[in-house]
Amino acid sequence: PEDTVTSSFASFIRAARPEHLSQTVRQRSKRMILDSIGVGLVGSTTRVFDIALRYCRELYSSVAVSSVYGKPGVKLSPTLAAFTNGVATHSMDFDDTWHPATHPSGAVLPALLAASQMLPPNTKPNGLDFLLAFNVGLEVQGRLMHFSTEAHDIPKRFHPPSVVGTLGSAAAAAKLLSLSSAQCCHALGIAASLAGAPMANAATQAKPLHVGNATRLGLEAALLAGRGMEANPLILDDIPGCSGFSAFYSIYQPKPLSAPGEQHEFLLEKQDIAFKRFPAHLGMHWVVDAALSVRNLFINYAGSFSPSLIRTIMLKIPVSKYINRPFPSSEHQARHSFQFNACAALLDGEVGLGSFSESSIHRQELRELLDKVVVEHPEDNVANFDKMYGEVALLLHSGDVLTGKCDTFYGHWRKPLSKESLLKKFRSNASHVLPEEKIEAIITLVDNLENLSDSSQL
């Protein structure tokens, strides 16, 4: 059918050209690519990554052509490499976040990296093709999330990258593989049947699988469509009595995607991405900055940080059940605990990779601080990454009250990381698995991506 929402998305994917990317979009997306590679590299040191890699190497045999983060010499089939690298990217919850809420890069980049190695030498996409496909995957994710007001809030039902990320991966791969408009349409339809993961698996080792599956299954959807598999050509439209993509979101109001060109502005042009300074759920960054602020006040007040002077730690946070965890017992629970991150910041003056080790989580002095935490949910503190705030108040035995508040943390799209901060994060992450010369080579490759003749060099 012509002139449908789904066909408009397919037409957009097919018609997008490198010249449609503004300099702002190119620079922001290259920052995302560099950051995502870095968190994938450090993520390759985690136990959940090892489980996923071992699963792929032991249970599957295929033509191994695609590389795996942090494992020189290890190759897997393209879809399994995408899966494994997607798991690495989200293994520490260290990857970028957009608004409405999703993790956009991890669902797209591993699929493109794997696909670029899969293609024959004479058809390898260049760096500009790669960058365009990446931005097509971002744009599709962003536009889909704007179809529902539910998507603007911290999720309750489906983990967003498992939904919009799967279709974004399919769109990006379809673009890189030069599928026809009809095939792009079918790729989106196939991806919709492969999408979705429940929020109940947040704060478990299963959550990184959501991103791994999104990037893998989106690539599979594009490969299947390219081989002739068909799906519902109205998958993104709102058809009464028959749910398509609307099955994932309530109050679904889809709109056609305009053709790329002078009249189309990429969403990345309008809004930057949030990059995380430490490996935890995005909501934690508000309470950590608030906790660090009040910690400085406390040290000025008392001369040093003395927990014995604190009677109560009051957290004012939005209502979000899966990140309200008073006493986390694992690293994944700790990454999703307002209480833990506030207390870790108070106790140590920072939150970093080491904060989520088993020994750090189970420290007696940290547990004693957690015992003092009381949570409030002010009506004006909504569960929305564009509107929420974090407040940490220390009620002292003396009767004095010290308060720190954060409404925009450093790294948020309203307060983006500087180039220096982003490079520092990348170098720190990559240094866990790569020597300095390779780290600097990646930085140079990404910075000059438009001029790269063969994107598989990434």
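Cut-offs and rules
Per chain, residue numbering runs from 1 following the sequence as it is written. It should be noted that, the model being predicted, local features are given only for residues of pLDDT at least 70 and side-chain atom pairs only at 80 or more, the latter also being counted only at that level, while totals for whole chains, interfaces and linings use all residues. To get the side-chain values, take all heavy atoms of the structure and skip hydrogens and water. UniProt positions are given in the numbering used here, feature names are shortened, and annotations may be inferred rather than shown by experiment. Every case where a carboxyl oxygen of Asp or Glu lies within 4 Å of a side-chain nitrogen of Lys or Arg is listed as a salt bridge. Helix and strand definitions here come from DSSP, where helices need a minimum of 4 consecutive H or I residues and strands a minimum of 2 consecutive E residues; each element is numbered from the N-terminal end. Summary of the burial criterion: residues with accessible area below 20% of their type's maximum are buried, those above 50% are exposed, and those between are partly exposed, where the area comes from a 1.4 Å probe applied to protein chains only. For every element, the axis is a line fit to its C-alpha atoms; helices are fit only across the contacting stretch, and the angle between N-to-C directions ranges from 0 to 180 degrees. Orientation labels follow simple angle bins: below 35 degrees gives roughly parallel, above 145 gives roughly antiparallel, 65 to 115 gives roughly perpendicular, and whatever is left gives oblique. Each crossing gets its handedness from the near helix: less than a right angle anticlockwise from the far helix is left-handed, clockwise is right-handed. Contacts are assigned to residue pairs that have any heavy atoms within 4.5 Å of one another. Residues are grouped as follows: nonpolar covers Ala, Val, Leu, Ile, Met, Phe, Trp, Tyr, Cys and Pro; charged covers Asp, Glu, Lys and Arg; every other residue, Gly included, is treated as polar. Paired strands are those between which DSSP finds at least two bridges. Only centres within 6.5 Å qualify two rings of Phe, Tyr or Trp (six-membered ring in Trp) as a pair; their planes then separate them into stacked at under 30 degrees, edge-to-face at over 60, and tilted for everything else. Charge-over-ring placement is defined geometrically: NZ (Lys) or CZ (Arg) within 6 Å of the ring centre, and within 35 degrees of the ring normal. Residue ranges for the domains originate in an automatic or database domain assignment. Computed with a 1.4 Å rolling probe, the buried area is the accessible surface lost when two parts are put together, summed over both parts. Here a polar contact means two N or O atoms within 3.5 Å. Within protein one must be a hydrogen donor candidate and the other an acceptor candidate, and residues neighboring in sequence count only if both atoms are side-chain atoms.

- Per an unreviewed UniProt entry, the recorded name for the protein is Cis-aconitate decarboxylase, and the organism is Hypocryptadius cinnamomeus.
- Heading Subunit (unreviewed entry) of the UniProt record for the protein holds this comment: "Homodimer."
- The Sequence similarities (unreviewed entry) comment attached to the protein in UniProt states, word for word, "Belongs to the PrpD family."

A few points about the pattern of salt bridges
Here's step 1: A complete count under the given rule lists 15 salt bridges for this structure.
Here's step 2: Between Asp 272 and Arg 28 there is a salt bridge, with its nearest N and O atoms 3.6 Å apart. Placement of Asp 272 in the loop between helix 10 (267–270) and helix 11 (284–302) and of Arg 28 in helix 2 (residues 23–43) is noted, with a sequence separation of 244 residues between them.
Here's step 3: For Arg 28, a relative accessible area of 22% translates into the label partly exposed.
Here's step 4: Residue Glu 220 is joined to Arg 216 by a salt bridge in which the shortest nitrogen-to-oxygen separation is 3.0 Å. Taken as a pair, Glu 220 and Arg 216 lie in helix 9 (residues 207–226) at a separation of 4 residues, close to a single helical turn. Grouping residues by exposure puts Glu 220 and Arg 216 together as buried.
Here's step 5: Taken together, the shared-partner salt bridges in this structure form one network comprising Arg 26, Lys 30 and Glu 450.

Description of the UniProt feature "domain: MmgE/PrpD C-terminal" (unreviewed entry) in the protein
Here's step 1: Per the UniProt entry, the sites bearing "domain: MmgE/PrpD C-terminal" (unreviewed entry) are residues 278–450 in this numbering.
Here's step 2: Helix makes up 40% of residues 278–450 and strand 14%, with an end-to-end C-alpha separation of 30 Å.

So, the packing of helix 5 (residues 104–118) against helix 9
Packed helix pairs are specified by the crossing angle of their axes together with the interaxial distance, meaning the distance between the axes.
Here's step 1: Running from N to C, helix 5 and helix 9 cross one another at 45 degrees; their axes reach a closest spacing of 8 Å. Taken together, the axes of helix 5 and helix 9 are oblique relative to one another. With respect to the hand of their crossing, helix 5 and helix 9 are arranged in right-handed fashion. From helix 5, Gly 106, Ala 107, Val 108, Pro 110, Ala 111, Ala 114, Ala 115 and Met 118 reach across to helix 9, where they touch Val 211, Ala 214, Thr 215, Leu 219 and Leu 223.
Here's step 2: Along the lines of polarity and charge, the residues of the contact of helix 5 with helix 9 split into 11 nonpolar, 2 polar and no charged.

Notes on the pairing of strand 6 (residues 401–406)
Here's step 1: Burial along strand 6 is one-sided: the residues Leu 402, Gly 404 and Cys 406 are buried and none of Val 401, Thr 403 and Lys 405 is.
Here's step 2: In this structure, strand 5 (residues 390–396) lies alongside strand 6, joined through 6 bridges in antiparallel fashion. Its bridge partner being in strand 6, Val 392 is matched across the sheet by Gly 404.

Observations concerning the sheet that holds strand 6
Here's step 1: Ordered in space as 4-3-5-6, the 4 strands form an open sheet in which the pairing is mixed. For this open sheet the edge positions go to strand 4 (373–376) and strand 6, each flanked by a neighbour on one side alone. Geometrically, the sheet is characterised by an average inter-axis angle of 20 degrees between neighbouring strands, direction not taken into account.
Here's step 2: Bridging between strand 3 (residues 310–316) and strand 5 involves 6 bridges; their strand directions are antiparallel. If you follow Ile 313 over to strand 5, its bridge partner there is Leu 394.
Here's step 3: Strands in contact with helix 13 (residues 338–348) are strand 3, strand 4 and strand 5; relative to strand 3, the strand with the most contacts, it is inclined by about 130 degrees.

Considerations on the packing of aromatic side chains
Here's step 1: Summed over all chains, the structure comprises 11 aromatic pairs.
Here's step 2: Their ring planes at 85 degrees and their centres at 5.7 Å tell us that Phe 147 and Tyr 252 sit as a pair that is edge-to-face. Of the two residues, Phe 147 sits in the loop between helix 6 (127–145) and helix 7 (160–176) while Tyr 252 sits in the loop between helix 9 and helix 10, which places them 105 residues apart along the sequence. Each member of the pair, Phe 147 as well as Tyr 252, is classed as buried.
Here's step 3: In textbook terms, an aromatic cluster arises when at least three aromatic residues are bridged by ring pairs, as seen for Phe 9, Phe 147, Phe 158, Phe 245, Phe 248, Tyr 249 and Tyr 252.
Here's step 4: The residue whose ring lies beneath Lys 405 is Tyr 389, and the NZ or CZ to ring-centre distance is 4.2 Å.

Here's the deal with the domain arrangement of the protein
Here's step 1: Partitioning the protein into structural domains gives domain 1 (5–277 + 417–457) and domain 2 (282–406).
Here's step 2: Distance between the C-alpha centres of domain 1 and domain 2: 33 Å.
Here's step 3: Facing the 22 residues of domain 1 at the interface are 18 residues of domain 2.
Here's step 4: Where domain 1 abuts domain 2, roughly 1800 Å² becomes buried across the two surfaces, and 63% of that area is made up of carbon and sulfur atoms.
Here's step 5: When the buried area of domain 1 at its contact with domain 2 is split by residue, Ile 154, Ala 203 and Arg 277 rank highest and sum to 36% of it.
Here's step 6: The salt bridge partner of Asp 289 is Arg 277, with a shortest N-O separation of 2.6 Å.
Here's step 7: One can count 7 residue pairs in polar contact (both at pLDDT 80 or more) joining domain 1 with domain 2.
Here's step 8: Partitioning the side of domain 1 that touches domain 2 into residue classes produces 10 nonpolar, 7 polar and 5 charged.

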